[in-house]
Amino acid sequence: MPHETHNDLPTEISADEAALVRDMPELKGVGQARRTFMVQTGGGGIGLFAANLLATESALAQLPPVPGAASAPIVAQNVVGVTFKVNGTPQTLQLDSRVVLLDALRERLALTGSKKGCDQGQCGACTVLVDGQRVLSCLTLAATLEGREVTTIEGLAKGDQLHPMQAAFIKHDGFQCGYCTSGQICSAVGMLAEARRGQVSHVTENVGRTTTRLTDDEIRERMSGNICRCGAYPGIVAAIQEVHSGRQAAQTWGFATEAQFAMASTASSPSKEDGHETV
């Protein structure tokens, strides 16, 4: 409940109170201001705490790790040796049997072009080629690649000469932030190889035909495992189509005319037929 404020309280002091005030000693220059005192005290306390914490951490660092302790370094279990080629270079690694290819590439071989997105095989940002076939490196155990050949985004170009798919992605702006681009390009290269081998997709109309000509819908379906959060799909499809067909792919998007806009607006509004709404 709010308190009422009385403005009619007496403001004068008695003679005894006036005498006490008159005899009170001056306080100027005595001690520190409250703010200064609090800042210095707090700063000193934090500094002392930090010094003690550093001393404690230094002492703990000198102690041998306790087996099974949460602070102990991770010890590799069931270490296996695996030898495989990465971008044409033989690599021999001693790895924990649980290490996936993506982590081996990024953390052991410093090939950071392959990106860790969802880490669950849903986004396709980690796509690489194993013996020419696209795989999700976040779901592929490195120990299973003995004697095989891995190609990452770093291995597609030949020196300063870009792979045709890389050049097409640049030409058609098939990327924005670029995080998914390495996986998109590797997936596109592997996808075209699949088409050349005659592998069909979910939208292939005639599985008996031997032609490898892909429509834009075919490309979209075959690339559906690679997600682009920026929405650069038109450029991606155009780049893949140009590499696939060998001819320049024209951009098909454009601004809607007034007639098309009016038609779309009419189609999106509910109409009535015989007293019933139609969808």
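Anyway, here's the lowdown on the structure attached to this text. (Residues numbered from 1 in each chain as written. Predicted model: local features only at pLDDT ≥ 70, side-chain atom pairs only at ≥ 80, totals over all residues. Heavy atoms only, no water.)

Attention shifts here to the side chain of glutamine 184. Along the chain, glutamine 184 falls in helix H5 (residues 181-196). Classification of glutamine 184 by relative accessible area gives buried; the value is 2%. (Helix = DSSP H or I, 4+ residues; strand = E, 2+ residues; numbered from the N terminus. Buried < 20%, exposed > 50% of the residue type's maximum accessible area, 1.4 Å probe, protein only.)

The next point concerns the pairing of strand S2 (residues 89-96). If a strand is regular, its side chains alternate between the two faces of the sheet. When strand S1 (residues 79-86) meets S2, the two strands line up antiparallel, connected through 8 bridges. Residue pairing for S2: valine 82 is matched across the bridge by leucine 93. Where S1 folds back onto S2 in an antiparallel hairpin, the turn is made up of 2 residues, including asparagine 87, whose phi is positive at roughly 55°. (Pairing = 2+ DSSP bridges.)

We now examine the packing of H5 against helix H7 (residues 233-245). Put simply, H5 and H7 touch, their axes get as near as 11 Å, and they point 40° apart. As H5 packs across H7, the resulting crossing turns out to be right-handed. Along the contact surface, H5 presents Gln184, Ala188, Met191 and Leu192, while H7 presents Ile236, Ile240, Val243 and His244. Looking at the contact of H5 with H7 residue by residue, the classes come out as 6 nonpolar, 2 polar and no charged. (Axes fitted to C-alpha atoms, helices over the stretch in contact; angles between N-to-C directions. Left-handed = near helix turned anticlockwise from the far one by under 90°. Contact = heavy atoms within 4.5 Å. Nonpolar A, V, L, I, M, F, W, Y, C, P; charged D, E, K, R; others polar.)

The next point concerns the packing of helix H4 (residues 164-171) against H7. Running from N to C, H4 and H7 point in directions that differ by 140°, and their axes come no closer than 8 Å. With respect to each other, H4 and H7 are oriented oblique. In the packing of H4 onto H7, the handedness of the crossing is right-handed. Between H4 and H7, the residues in contact are Pro164, Met165, Ala168, Phe169 and Lys171 and Ile236, Ala239, Ile240, Glu242 and Val243, respectively. Class assignment of the residues belonging to the contact of H4 with H7 gives a composition of 8 nonpolar, no polar and 2 charged. (Parallel < 35°, antiparallel > 145°, perpendicular 65-115°, else oblique.)

To continue, consider the nonpolar core. By size, the foremost hydrophobic cluster in this structure holds 23 residues, and its most contacted members are Leu156, Met165, Phe169, Met191, Ile219 and Ile240. Elements with a minimum of two residues in this core: H4, H5 and H7. Of all hydrophobic cores here, the second largest spans 15 residues; its members include Phe84, Leu111, Ala142 and Val150. (Core = buried A, V, L, I, M, F, W, Y, C linked by side-chain atoms within 4.5 Å.)

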